[in-house]
Amino acid sequence: MPSTSDFERMLRGVALRVTRPRVAVLSAVHDQPHADTDSIIGVVRAELGGVSHQAVYDVLRALTVAGLLRRIEPPGSVARYETRVGDNHHHVVCRSCGAIADVDCAVGPAPCLTPSDDHGFAIDEAEVIYWGLCPACSSSRSS
Ligand SMILES: [Zn+2]
Ligand SMILES: [Zn+2]
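Because the structure is predicted, anything quoted here is derived from the model rather than measured. (Residues numbered from 1 in each chain as written. Chains lettered and ligands numbered in written order. Predicted model: local features only at pLDDT ≥ 70, side-chain atom pairs only at ≥ 80, totals over all residues. Heavy atoms only, no water.)

**Q** Please clarify how the pattern of salt bridges should be interpreted in this entry.
**A** Think of it this way: side chains of opposite charge can pair up when their charged atoms draw near. Evaluation of the coordinates by the stated rule reveals seven salt bridges. Asp 58 is the partner of Arg 61 in a salt bridge, and the nearest nitrogen-oxygen pair spans 3.7 Å. You can see Arg 61 and its partner Asp 58 sitting in helix α4 (residues 53-65), three residues apart, about one turn around the helix. According to the relative accessible area criterion, Asp 58 is partly exposed, its value standing at 35%. Linking Asp 87 and Arg 84 is a salt bridge whose minimum nitrogen-to-oxygen distance equals 2.6 Å. On the basis of relative accessible area, Asp 87 is assigned to the partly exposed category, the value being 27%. Judged by relative accessible area, Arg 84 falls into the partly exposed class, the value being 30%. A single network of salt bridges, built from pairs that share partners, joins Arg 84, Asp 87, Asp 102 and Asp 104. (Salt bridge = Lys/Arg side-chain N within 4 Å of Asp/Glu carboxyl O. Helix = DSSP H or I, 4+ residues; strand = E, 2+ residues; numbered from the N terminus. Buried < 20%, exposed > 50% of the residue type's maximum accessible area, 1.4 Å probe, protein only.)

**Q** Sorry if this is basic, but what is going on with the coordination of the zinc ion (ligand 2) here?
**A** For a metal with four donors in a tetrahedral arrangement, the ideal angle between donors is 109.5 degrees, while six donors in an octahedron ideally sit at 90 or 180 degrees. Protein coordination at the zinc ion (ligand 2) comes from His 34 (NE2), Glu 82 (OE), His 89 (NE2), His 91 (NE2) and Asp 102 (OD), with a distance range of 1.8 to 2.2 Å. When the donors of the zinc ion (ligand 2) are listed by position in the chain, the intervening gaps give H-x47-E-x6-H-x1-H-x10-D. You can see Glu 82 sitting in strand β3 (residues 80-82) and its partner Asp 102 sitting in strand β5 (residues 100-103), a full 20 residues away along the chain. Since its relative accessible area comes to 1%, Glu 82 is described here as buried. (Donors = N, O, S within 2.8 Å, 3.2 Å for Na, K, Ca; no water.)

**Q** I keep staring at helix α3 (residues 37-48) and nothing clicks. Help me out?
**A** For α3, which comprises 12 residues, the first-to-last C-alpha distance of 16 Å matches the rise-based estimate of 16 Å (1.5 Å per residue) to within 8%. For α3, the set of buried residues is Thr 37, Ile 40, Ile 41 and Val 44. Looking straight down α3, one finds its buried side chains confined to an arc of 100 degrees; they lie on one side. Of the residues in α3, the exposed ones pointing more than 90 degrees away from the buried face are Asp 38 and Ala 46. Positive phi shows up at Gly 49, right after α3, with a value of about 80 degrees. (Expected span 1.5 Å × (residues − 1). Arc of directions from axis to C-beta.)

Shown next, in the form of structure tokens:
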């Protein structure tokens, strides 16, 4: 479980100034992987009080650009954030309730997909989303 000083170290590691909103956002996303912006704002405000929506949006953008957060946006979902960055893991998404879980690369290190034809692109990421029903939704459908 990372502490405040770990989050401060992560910020300094990417040459970002340590601010309370940045630390609070990192901590909120760490505690709640795949959190959407609204729930991150809720957690940060509960902790710090008067932080504007815009301030949290700005922090999310800065942390994502710096590589401390990964932003995912499955079709039909709002943007979600996670602190598990750099391993190009995949996601499984429930078609019914939108629940999201991490799925490790199916084969080998990231990126695990080698295109049959890269069209000359220098490819650095492959994104896979598995769609289905989460256990709660599939059991409520079958009963
Ligand atoms: Zn579900
Ligand atoms: Zn994830």
